[in-house]
Amino acid sequence: TTTIGRIGPDGGATAGWFNRNIWAKGSEPPQGVINWHMAGPGGIGLSADGKTAYVTGLFQHSAAGMERFPPSRVYKMEMESGSLEKFADVKGSKGLAGAALDKDGNLLVCDPGSGRVVVLSPKGEEIGGINLPSAAAVACHRKTGAIYVLAYRGTTEYVSPKTLVKFSGWKEAREEGRIELRREG
């Protein structure tokens, strides 16, 4: 099994998809001073060997307006230890979504608000991208290099019609196919 989140022996905790309250390390829950909410992840890309996960879409805000996990940040998680560390910040992003690794170990992350899929090198440097409005999810074929991106049209990702677009790869980003998906399916 794989553990994505843990509650530490000192009481520090993270929440997942359920937007639960969490508390600062070393404090006793419930703490009335800062009430944190956290949601995510939006995307998880796994390395080919399964030892590393790259996580996008984490965000955490407090009622006081403080922020611990910037929405433009990509995190690197070592699966064996469960340690989570900053991998990269995507400049100009207001929130990241899907994530996938290509055959060369480059990380592709969706930035729906900026209308692009950003490509990060194994060192976390931005090295390219694909322009596609409202890109929400990405997958990479590790043998052929093809990139598949799911984008939505409209104001809400969950109820809008979607489009699945196949690209030759991210360097040339030549569109090779497109499937329009209706709202019903």
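Everything below is about the structure shown above.
Residues numbered from 1 in each chain as written. Predicted model: local features only at pLDDT ≥ 70, side-chain atom pairs only at ≥ 80, totals over all residues. Heavy atoms only, no water.

Describing the sheet that holds strand E3 (residues 43-46)
Strand order in the open sheet made by the 4 strands is E3-E4-E7-E8, with antiparallel pairing throughout. Sheet topology places E3 and strand E8 (84-89) at the edges, where each strand pairs with a single neighbour. Taking each pair of neighbouring strands and ignoring which way they run, the sheet shows an average axis angle of 25°. Two elements, strand E7 (residues 73-78) and E8, share 5 bridges in a ladder whose sense is antiparallel. Within E8, the residue paired with Val74 across the bridge is Ala88. (Pairing = 2+ DSSP bridges. Helix = DSSP H or I, 4+ residues; strand = E, 2+ residues; numbered from the N terminus. Axes fitted to C-alpha atoms, helices over the stretch in contact; angles between N-to-C directions.)

Thoughts on the packing of aromatic side chains
For the coordinates displayed, the defined rule picks out 1 aromatic pair. A ring pair is formed by Tyr54 and Phe87, whose centres lie 4.9 Å apart and whose planes are at 65°; its orientation type is edge-to-face. Within this pair, whereas Tyr54 is found in strand E4 (residues 52-56), its partner Phe87 is found in strand E8, the two being separated by 33 residues in sequence. Of the two residues examined, Tyr54 and Phe87, each falls in the buried class. (Phe/Tyr/Trp six-rings, centres within 6.5 Å; stacked < 30°, edge-to-face > 60°. Buried < 20%, exposed > 50% of the residue type's maximum accessible area, 1.4 Å probe, protein only.)

Examining unusual backbone geometry
Among all residues except glycine, the phi angle is most often negative; among peptide bonds, the trans geometry is most common. We note that Ser134 has phi near 55°; this positive angle belongs to a residue other than glycine. By the secondary structure assignment, Ser134 is in the loop between strand E12 (126-131) and strand E13 (135-140). Even without a glycine there, the phi angle at Ala173 is positive, about 50°. Within the secondary structure, Ala173 sits in the loop between strand E15 (162-167) and strand E16 (175-181).

Describing the sheet that holds strand E14 (residues 147-152)
Read across the open sheet, the 4 strands follow the order E13-E14-E15-E16; overall the sheet is antiparallel. Two strands in the sheet have a free side with no partner beyond their single neighbour: E13 and E16. Neighbour-to-neighbour, the strand axes of this sheet turn through a mean angle of 15°, independent of strand direction. Here E14 runs beside E15; their pairing, made up of 6 bridges, is antiparallel. The residue bridging Leu150 from the neighbouring strand is Leu164, located in E15.

What about the pattern of salt bridges?
With the rule as written, the count across this model stands at 10 salt bridges. A salt bridge links Lys166 to Glu176; the nearest nitrogen and oxygen atoms lie 3.8 Å apart. With a gap of 10 residues between them, Lys166 in strand E15 and Glu176 in strand E16 connect regions that are remote in the sequence. A salt bridge links Arg174 to Glu176, with the nearest nitrogen and oxygen atoms 3.1 Å apart. One network of salt bridges, with partners in common, ties together Lys166, Glu172, Arg174 and Glu176. (Salt bridge = Lys/Arg side-chain N within 4 Å of Asp/Glu carboxyl O.)

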